[in-house]
Amino acid sequence: MEKEKKVKDVDFADSAVPSSARKNVVTMFMIMLGFTFFSASMWVGQQLADGLDFWGFWDH
């Protein structure tokens, strides 16, 4: 009979995140700031793409 391995849930899907695994405020701030800039750049890119046809995109 094989010994069963205990799998560690790194996402804490079914329990609270312990204090030792939590990220600090600075780390979370940087992640959220990056998400803000990424979202804004995706929105601007979509707005620019709406104004171009394929050949307009290709020429510029």
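Everything here concerns the structure above.
All values reported here derive from a predicted model rather than from experimental measurement.

**Q** Is there a simple way to think about the overall build of the chain in this case?
**A** Along the backbone of the chain there are two helices and zero strands. With the C-alpha coordinates aligned to their principal axes, the bounding extent of the chain is approximately 65 × 40 × 15 Å. Expressed as a percentage of the 60 residues in the chain, the buried residues total 2%. For the chain, the computed accessible surface area is about 6400 Å², with 66% contributed by carbon and sulfur atoms.

**Q** Can you walk me through the packing of aromatic side chains in this structure?
**A** Aromatic ring pairs are described here by two measures, namely the spacing of the ring centres and the angle between the planes. Going through the model one piece at a time under the given rule, you end up with one aromatic pair. Their ring planes at 75 degrees and their centres at 4.9 Å tell us that F54 and W55 sit as a pair that is edge-to-face.

**Q** Help me out: how do you make sense of a nonpolar patch on the surface in this one?
**A** Together, M28, I31, M32, F35, F38 and M42 give the surface a local cluster of nonpolar side chains, amounting to about 640 Å² of exposed area. Locating M28 in the fold gives a position in helix 1 (residues 25-50).

What counts, and where the lines are drawn
- Residues numbered from 1 in each chain as written.
- Predicted model: local features only at pLDDT ≥ 70, side-chain atom pairs only at ≥ 80, totals over all residues.
- Heavy atoms only, no water.
- Helix = DSSP H or I, 4+ residues; strand = E, 2+ residues; numbered from the N terminus.
- Buried < 20%, exposed > 50% of the residue type's maximum accessible area, 1.4 Å probe, protein only.
- Areas by Shrake-Rupley, 256 points an atom, 1.4 Å probe, with all protein chains shown as cover.
- Phe/Tyr/Trp six-rings, centres within 6.5 Å; stacked < 30°, edge-to-face > 60°.
- Patch = residues over 30% accessible without salt bridge, like charges linked within 9 Å, V, L, I, M, F, W, Y side chains within 5 Å.
- Salt bridge = Lys/Arg side-chain N within 4 Å of Asp/Glu carboxyl O.

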